[in-house]
Amino acid sequence: MKCYKIEDNNLVETDEQFESSTICVCTADELRRQTVNFAPHTIDECCRSGSAELEAYDGYDFILLNVINDENRYSTHRIGLYVTPERVVFVCCRPSGVVQGVLDAFIQTKAVNLSPSRILYAFFNSLTNNDSQELQELEEEISAIEEQVIEGRDEDYIRDIVAMRKKLMFYKKYYEQLLDVAESIEENANGMLSASALRYFKMFTSRVDRLNRNILNLRDYITQVREAYQSQQDIRLNEIMKLFTVVTAIFLPLTLLVGWYGMNFKYMPELQWPYGYAIAIGISVLFVTGSIIYFKKKKIL
């Protein structure tokens, strides 16, 4: 367990645990060994998978969040937070770079009016750092796929489109859980946050809402790209079917000719005529040539 104490607007590491103006980072097992008045079942929930939530208890707020992993951008791990007016306890079942990064930033620099609620806001704020740039890159990827589809390149873009939809769905769920928790924090049912701290969280809620709306727009965009790709595939299929139809129409008279002279009647004068074979060839060539000229005039070929 690591604990940090706020002294003269500086965050310094301390051996004191759960004193006033402290920030603690621990695992669920380490928290169980401490004498705290937190509900035991909440400690167990810190390491269980599930949705994000905020629950108000007597004297503290309990927050559960699914935070993006440091190694894999498109997976999350669970973090529990216990918030009181004088302290914040982070319960991490695995090392979390985002929590330690926030604390290290306050250790290295002196902040004005440093408080546990200020550190709590900085933690939430770090959860969306550089997300605007990430979404911009996703939009550029979608735009690149769209350009390739419009150019009519003969490639299978379904995998790319499905992969992009999965990324956008991940971000949609991520921002929705942040939005739900942030709105619950704004309600301040337990009165854990001051009016100034609530103003910061209102700004955070607005930013997450904008990011979430941006994700919804990108989902609509990739849906339009998928429909454009499907339209291109339908056009190609129609072109192939048109070609088959034209070929069938060109050789249909020849099929009729073959069927006609394939009948086994005894008295067919053309069969005994010396020029019958040449005439049959000429008629066949005439039919094929005439059909091709006709279809070209109609711009079907």
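Right above here is the structure, for reference.
Note that the structure is predicted; figures quoted are calculated from it, not measured.

Peer 1: Mind showing me how you'd approach the state of the cysteines here?
Peer 2: Disulfides are covalent bonds that connect the sulfur atoms of two cysteines. For the structure shown, the criterion picks out one disulfide. Here C47 pairs with C93 through a disulfide, and the sulfurs are 1.4 Å apart. When the S-S torsion is -75°, as for the bridge of C47 with C93, the disulfide is left-handed. Taken together, the positions of C47 in the loop between α2 (40-45) and β4 (53-57) and C93 in the loop between β7 (87-92) and α3 (97-108) put the pair 46 residues apart, joining distant regions of the chain. Overall, the relative accessible area of 41% leaves C47 in the partly exposed class. Of all cysteine sulfurs in the structure, the one in C47 sits closest to C46, which takes part in no disulfide; the separation is 6.4 Å. Judged by its relative accessible area of 0%, C46 is buried.

Peer 1: Hey, could you run me through α3 in this one?
Peer 2: Given 3.6 residues per turn, any residue in an α-helix points the same way as the ones three and four places further on. Taking 1.5 Å per residue, twelve residues should reach 16 Å; α3 reaches 16 Å between its end C-alpha atoms and fits that length. Looking only at α3, the buried set comprises V98, V99, V102, L103 and F106. Along the axis of α3, the buried positions cluster into a sector of 135°, meaning they face one direction only.

What counts and how
- Residues numbered from 1 in each chain as written.
- Predicted model: local features only at pLDDT ≥ 70, side-chain atom pairs only at ≥ 80, totals over all residues.
- Heavy atoms only, no water.
- Disulfide = S-S within 2.5 Å.
- Helix = DSSP H or I, 4+ residues; strand = E, 2+ residues; numbered from the N terminus.
- Buried < 20%, exposed > 50% of the residue type's maximum accessible area, 1.4 Å probe, protein only.
- Expected span 1.5 Å × (residues − 1).
- Arc of directions from axis to C-beta.

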